[in-house]
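Next come the chains, spelled out residue by residue.
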Amino acid sequence: MSFKIKMQEATKGKDSKIVLALDFPFESPENRDKVLAKAQSILKVVHPYICAVKINHHLVLPLGTFDGIRRLVEQIRGQGLLAIMDAKVNDIGNTNQVIAEYYYSAGFDALIANPFVGWEEGLKPLFDVSKRLDKGVILLCYMSHKGASEGYGQTIIDPETHMQTPQYMLFARKALMWGADGAVVGATVPDKIREIKQVLGQHVPIYSPGVGAQGGAAETAVKMGADYLIVGREIISASNPAVVARRLSDSIKGI
Ligand code: XMP
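About the criteria used
- Residues numbered from 1 in each chain as written.
- Predicted model: local features only at pLDDT ≥ 70, side-chain atom pairs only at ≥ 80, totals over all residues.
- Heavy atoms only, no water.
- Core = buried A, V, L, I, M, F, W, Y, C linked by side-chain atoms within 4.5 Å.
- Buried < 20%, exposed > 50% of the residue type's maximum accessible area, 1.4 Å probe, protein only.
- Helix = DSSP H or I, 4+ residues; strand = E, 2+ residues; numbered from the N terminus.
- Contact = heavy atoms within 4.5 Å.
- Axes fitted to C-alpha atoms, helices over the stretch in contact; angles between N-to-C directions.
- Left-handed = near helix turned anticlockwise from the far one by under 90°.
- Near = heavy atom within 4 Å.
- Polar contact = N/O pair within 3.5 Å; in protein donor to acceptor, adjacent residues only side chain to side chain.
- Areas by Shrake-Rupley, 256 points an atom, 1.4 Å probe, with all protein chains shown as cover.
- 1 Å grid on protein atoms, 1.4 Å probe; cavity = no way out; pocket = protein on both sides within 12 Å on 5 of 7 lines; lining within 4 Å.
- Sits in = over half its atoms within 2 Å of the grid points.
- Pairing = 2+ DSSP bridges.
- Points joined across faces, edges and corners; volume = space filled by probe spheres on them.
- Parallel < 35°, antiparallel > 145°, perpendicular 65-115°, else oblique.
- Nonpolar A, V, L, I, M, F, W, Y, C, P; charged D, E, K, R; others polar.

> How should I be thinking about the nonpolar core in this particular structure?
Across soluble globular proteins, nonpolar side chains show a tendency to be buried alongside one another. Of all hydrophobic cores here, the largest spans 90 residues; its most connected members are Leu-22, Ile-55, Leu-59, Ile-196, Tyr-207 and Leu-229. If you tally residues by element for this core, the top one is helix H3 (residues 57-78), at seven residues. Excluding anything up to four places from it in sequence, Leu-22 contacts Ala-39, Ile-42, Leu-43, Val-53, Lys-54, Leu-59, Leu-72 and Ile-236.

> What should I look at first to understand the packing of helix H7 (residues 167-177) against helix H8 (residues 190-200) in this one?
In a packed pair of helices, the relevant descriptors are the angle between the two axes and the axis-to-axis distance. Running from N to C, H7 and H8 cross one another at 35°; their axes reach a closest spacing of 9 Å. Pair H7 / H8 crosses with right-handed handedness. Between H7, through Tyr-168, Met-169, Ala-172, Arg-173, Ala-175 and Leu-176, and H8, the contact on the second element is made entirely by Lys-192, Glu-195, Ile-196, Val-199 and Leu-200.

> Got a minute to help me understand the site of the ligand in this structure?
Around the ligand sit 16 residues, and of these Asp-23, Lys-54, Ser-144, Gly-232 and Arg-233 come closest. For the ligand, a nitrogen atom lies 3.2 Å from a polar atom in the side chain of Lys-88. Considered on its own, the ligand offers 500 Å² of accessible surface; in the complex 91% of this is hidden by protein. Among the detected pockets, the ligand sits in the largest pocket.

> Please explain the sheet that holds strand S4 (residues 110-113) as it appears in this structure.
Sheets are built from strands that pair by backbone hydrogen bonding, the pairs being arranged parallel or antiparallel. Ordered in space as S1-S2-S3-S4-S5-S8-S9-S10, the eight strands form a closed barrel in which the pairing is parallel. Averaged over all neighbouring strand pairs, the angle between strand axes comes to 30°, with direction disregarded. In the packing of H8 onto the sheet, the strands contacted are strand S5 (136-142), strand S8 (182-185) and strand S9 (206-209), and the crossing angle to S9 comes to about 165°.

> Sorry if this is basic, but what is going on with the layout of surface pockets here?
Empty space among the atoms can be located by rolling a probe the size of a water molecule over them. A volume near 490 Å³ is recorded for the largest pocket. Considering the residues around the largest pocket, the lining is formed by 26 residues, among which Asp-23, Lys-54, Pro-209, Gln-214 and Arg-233 are closest to the centre. At the level of secondary structure, the elements contributing two or more residues to the lining of the largest pocket comprise strand S3 (82-89), strand S10 (228-231) and helix H10 (233-236).

> Help me understand the packing of helix H4 (residues 93-105) against helix H5 (residues 119-132), please; the structure alone is not making it clear to me.
Following both chains from N to C, one finds H4 and H5 inclined at 30°, their axes separated by 7 Å at the closest point. As far as their axial angle goes, H5 and H4 are roughly parallel. For H4 against H5, the interelement crossing comes out right-handed. Each of Gly-93, Asn-96, Gln-97, Ala-100, Glu-101 and Tyr-104 in H4 lies in contact with H5, whose residues at this interface are Glu-121, Gly-122, Leu-123, Pro-125, Leu-126, Val-129, Ser-130 and Arg-132. The residue inventory of the contact of H4 with H5, partitioned by class, reads six nonpolar, five polar and three charged.

> Sorry if this is basic, but what is going on with the environment of Lys-124 here?
The topology assignment puts Lys-124 in helix H5. For Lys-124, a relative accessible area of 29% gives the class partly exposed. For the pair Lys-124 and Trp-178, spaced 54 residues apart in sequence, the C-alpha to C-alpha distance is 8.3 Å.

> Looking at this model, I keep getting lost on the environment of Val-231. Mind explaining?
Note on placement: Val-231 falls in strand S10. Sequence-wise, Val-231 and Tyr-207 are 24 residues apart; in three dimensions their C-alpha atoms are separated by 10 Å. Apart from the residues lying within four places of it in its own chain, the contact partners of Val-231 are Ile-18, Val-19, Leu-20, Ala-21, Val-211 and Leu-248.

> Can you help me understand unusual backbone geometry in this one?
In terms of backbone geometry, most residues other than glycine have negative phi values and most peptide bonds are trans. The phi angle at Lys-88 is positive, at roughly 45°, despite the residue not being glycine. When its relative accessible area of 29% is taken as the criterion, Lys-88 is described as partly exposed. Even without being glycine, Glu-121 reaches a positive phi, approximately 60°. Mapped onto the elements of the fold, Glu-121 is located in helix H5.

Structural measurements only, silent on function.
Below you can see the structure in the form of C-alpha cells.
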C-alpha cells in the first residue's frame with residue numbers, strides 16, 4: 001500500500017488531518033532520557049487527535065536513530081499513526097539513498113525531501129528506494145518561513161515554455177511528474193496553497209506547516225487546499241496538548 005493511501009487510512013481511522021511535529025527545545029545531552037520521556041508522554045495523550053507524527057533533528061540528534069527514535073517510532077505506529085522524518089533530504093543521489101535506507105530501517109513511513117537538488121543523481125535514487133519499500137516522499141514546494149520567498153518564491157524561466165514562472169510552480173509540477181506522495185506548502189502563504197492545489201489536484205496531497213506559532217491559520221489553509229496540517233509548538237507548548245490537538249482537529253472538520 002502506498003504512503004498516500006496509508007495516510008488516507010490513518011486519517012479515516014483517527015478522524016484527524018493533524019500531523020504532530022514532535023519538536024522540543026534544546027536540552028543538554030545528559031537530559032536526553034528526559035526528552036524521550038517527554039515525547040512519549042505527549043504522544044500518549046495526543047494520539048487520538050492526530051493521524052501522523054513528524055520527527056525532526058530536535059529528536060534524532062539527542063536520541064539517536066537506532067536507540068530512542070526507533071522506540072518512539074514503534075510507539076507511534078502502535079498507536080495507529082504514521083511516522084514522517086523531516087530530513088529535508090538534499091544531497092547527491094548516493095547519499096540520499098543511504099539516508100533513506102537508515103531512516104526506513106528505523107521504521108519511518110516517509111521522508112521530506114528538497115527538490116532543489118533535481119532528479120538525475122539527486123532525488124531519483126531516493127524515489128527509487130522509497131517506491132521499492134512502499135515508503136513515501138514528500139517534497140518541499142514552498143516553505144513556511146519568511147525567507148522562503150528568496151528561493152521557493154523566486155521568478156525563474158520555465159525550461160519548457162521559456163516564460164517567467166515562480167520557482168514553486170515548477171516544484172509543484174515536479175511533484176506530480178516524479179510521483180511524490182505529498183507537497184509541503186506553508187500555512188503562512190495561503191494564496192500559494194491555492195495556486196499549487198490547482199496544479200496538484202487530488203494527485204499529490206498538500207501538507208501545511210506554520211499553523212499557530214508561525215502565524216498561519218488552520219481553517220484558511222484547509223479552505224485553500226491543504227490536506228494535512230503539520231503542527232508543533234501550538235500543541236507541544238500548550239498547558240494541555242490534548243485539548244489543543246483536539247480543538248485544531250475539530251476546527252477543520254467538514255471544510
Ligand atoms: P511549529 O512549531 O512552527 O513547527 O508548528 C513546524 C515544524 O515543521 C517544520 N517546518 C517545515 N517543514 N517544510 C517542512 O518540511 C516547511 O516549510 C516547514 N516549515 C516548518 C519545522 O522544522 C518544525 O518541525
